[in-house]
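# Report on the structure
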Amino acid sequence: MIRMYCRYKERNPELCPACEALLFYTHQRLDRCPFGEKKRACRQCTIHCYKPEMRERIRRVMRFSGPRMILYAPMTFLKHLLPW
């Protein structure tokens, strides 16, 4: 989703340094999440792992990329949408 945001919203052919840092940060947070693979969406979580600034940045990315996922990655969209 971050790659899609950077490519289509910011018009960058590759990840810009800010988006690359956000991607690295999200991977770090998910790796350290106490819920692990059983975690649902971050907005439904009882523990908020992200700093407020990063949380706002990822929220912007999700708002832009979320609706577009159905066109670019339909299986990922369904997996994200449906509880498994």
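Described in the following lines is the structure provided in the data block.

What counts and how
Residue positions are counted from 1 within each chain, in the order its sequence is given. Residues qualify for local features only when their pLDDT is at least 70, as the model is predicted, and side-chain atom pairs are given and counted only at 80 or more; totals for whole chains, interfaces and linings, by contrast, use all residues. The side-chain quantities take in all heavy atoms of the structure and omit both hydrogens and water. Under the DSSP-based scheme used, a helix requires at least four consecutive residues in state H or I and a strand at least two consecutive residues in state E, with every element numbered from the N terminus. When accessible area is computed with a 1.4 Å probe and restricted to protein chains, residues below 20% of their type maximum are described as buried, those above 50% as exposed, and intermediate ones as partly exposed. As used here, the term nonpolar core means buried Ala, Val, Leu, Ile, Met, Phe, Trp, Tyr and Cys residues forming a set that is joined through side-chain atoms within 4.5 Å. The span one expects for a helix is its residue count, reduced by one, times 1.5 Å. An arc is given here, and it is the one of the directions from the helix axis to the C-beta atoms. Only heavy atoms matter for contacts: two residues are in contact if any of them lie within 4.5 Å across the pair. Think of a salt bridge as a Lys or Arg side-chain nitrogen and an Asp or Glu carboxyl oxygen that are within 4 Å of each other.

### Notes on the environment of Pro-34
When you line up the elements, Pro-34 lands in the loop between α2 (17-31) and α3 (52-72). Taking the relative accessible area as the measure of exposure, Pro-34 reaches 58% and is therefore exposed. For the pair Pro-34 and Cys-49, spaced 15 residues apart in sequence, the C-alpha to C-alpha distance is 9.8 Å.

### Describing the nonpolar core
Counting residues in hydrophobic clusters, the biggest one holds 13 residues, and the most contacted among them are Ile-2, Tyr-5, Cys-19, Leu-22, Ile-58 and Val-61. Counting only elements with at least two residues in this core, the list comes to α1 (2-9), α2 and α3.

### Let's talk about α2
Given a rise of 1.5 Å per residue, 15 residues ought to cover 21 Å, and the 21 Å separating the end C-alpha atoms of α2 matches this to within 8%. For α2, the complete set of buried residues consists of Cys-19, Leu-22, Leu-23, Tyr-25 and Thr-26. All buried residues of α2 project into a common sector of 165° when viewed along the axis, lining one side. Exposed residues lying more than 90 degrees from the buried face of α2 are Pro-17, Phe-24 and Asp-31. Buried residues along α2 sit against α1 and α3.

### Concerning the pattern of salt bridges
For the structure shown, the criterion picks out one salt bridge. Its salt-bridge partner being Arg-59, residue Glu-56 comes within 3.2 Å of it at the nearest N-O pair. Highlighted residues: Glu-56 and Arg-59, both in helix α3, separated by three residues, approximately one helical turn. Overall, Glu-56 belongs to the partly exposed group, its relative accessible area being 32%.

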